[in-house]
Amino acid sequence: MDGGWYIRIMVIKFIYTIFLGVFFATFVGVGIAAFYPGPKFPEQPIILKYCSPEIAKDVSKYEVFKAQAETFDKEEKIYQEKSQIYNRNVSIASLIAAIILVIASLTLFRKILLIADGLLLGGVLTLLYSVVRGFGTDDNMFRFIVVSVGLVISLFLGYVKFITIKKEV
């Protein structure tokens, strides 16, 4: 067999591994969004969208503008609070999914390297997604915990996947 055939197979395996990893991470993200939808941003009142300088001259229009602006500000603050809670919950759910993907990669599918590597990449991408969503909260302690878990998983993965393989070889 020629070397070109081997290189083509290796490239196809590499592309397939990346494809699997991206799809596993996308599967987790889309699954969370499908079964746990996020809060909806409040719709801006028309008077705020199309405000003109004449409103300031007419007291009655200005009072309506001011009332709607205050209501919209309150709704926006409520949305931001809900969004932070949502981001925290999504971060936790995707962190759990990342841990499951990594464990499955290192245990259940360890004999099927192609799928194990795809799962592993999917777990790492999902872990990255979890960290990014964790930064959408306003809680520094939570961010620290998510990043710490991500670091521990990354170190553990590196050890199990690369150091223990070297010992076996």
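In this report, we go over the structure that sits alongside the text. (Residues numbered from 1 in each chain as written. Predicted model: local features only at pLDDT ≥ 70, side-chain atom pairs only at ≥ 80, totals over all residues. Heavy atoms only, no water.)

## Observations concerning the side chain of Thr17
At step 1: One can find Thr17 in helix H1 (residues 3–35).
At step 2: By relative accessible area, which is 13% here, Thr17 ends up buried.
At step 3: A distance of 2.9 Å separates a polar atom in the side chain of Thr17 from the backbone oxygen of Lys13.
At step 4: Sequence-distant contacts of Thr17, defined by excluding residues within four places in its chain, comprise Leu114, Asp117, Gly118 and Leu121. (Helix = DSSP H or I, 4+ residues; strand = E, 2+ residues; numbered from the N terminus. Buried < 20%, exposed > 50% of the residue type's maximum accessible area, 1.4 Å probe, protein only. Polar contact = N/O pair within 3.5 Å; in protein donor to acceptor, adjacent residues only side chain to side chain. Contact = heavy atoms within 4.5 Å.)

## A few points about the environment of Thr71
At step 1: As for its position among the elements, Thr71 is in helix H4 (residues 59–106).
At step 2: A residue is classified by how much of its surface remains accessible, and Thr71, at 42% relative accessible area, is partly exposed.
At step 3: For Thr71 and Gln44, which are 27 residues apart along the polypeptide, the C-alpha to C-alpha distance reads 9.9 Å.
At step 4: Within polar-contact distance, the side chain of Thr71 engages the backbone oxygen of Ala67 at 2.9 Å.

## Things to note about the environment of Val64
At step 1: Mapped onto the elements of the fold, Val64 is located in helix H4.
At step 2: The exposure class of Val64 is partly exposed, given its relative accessible area of 41%.

## Comments concerning the packing of H4 against helix H5 (residues 113–134)
At step 1: For the pair H4 and H5, interaxial distance at closest approach is 8 Å and the crossing angle is 160°. When the axis of H4 is compared with that of H5, the two are roughly antiparallel. Considering only the axes of H4 and H5, their crossing is left-handed. Touching Tyr86, Asn87, Val90, Ser91, Ser94, Leu95, Ala97, Ala98, Leu101, Val102, Ala104 and Ser105 of H4 are Ala116, Leu119, Leu120, Gly122, Gly123, Thr126, Leu127, Tyr129, Ser130, Arg133 and Gly134, all from H5.
At step 2: In terms of residue class, the contact of H4 with H5 is made up of 13 nonpolar, nine polar and one charged. (Axes fitted to C-alpha atoms, helices over the stretch in contact; angles between N-to-C directions. Parallel < 35°, antiparallel > 145°, perpendicular 65-115°, else oblique. Left-handed = near helix turned anticlockwise from the far one by under 90°. Nonpolar A, V, L, I, M, F, W, Y, C, P; charged D, E, K, R; others polar.)

## What to know about H5
At step 1: Taking 1.5 Å of rise per residue, the 22 residues of H5 would be expected to cover 32 Å, and the 31 Å separating its terminal C-alpha atoms lies within 8% of that figure.
At step 2: When we look at burial in H5, the residues that qualify are Ala116, Gly118, Leu119, Leu120, Gly122, Gly123, Thr126, Leu127, Ser130, Val131 and Gly134. (Expected span 1.5 Å × (residues − 1).)

## Some points on H1
At step 1: Taking 1.5 Å of rise per residue, the 33 residues of H1 would be expected to cover 48 Å, and the 48 Å separating its terminal C-alpha atoms lies within 8% of that figure.
At step 2: Regarding H1, the residues found buried are Thr17, Leu20, Gly21, Ala25, Val28, Gly29 and Ile32.
At step 3: Where H1 is buried, its residues meet H4 and H5.

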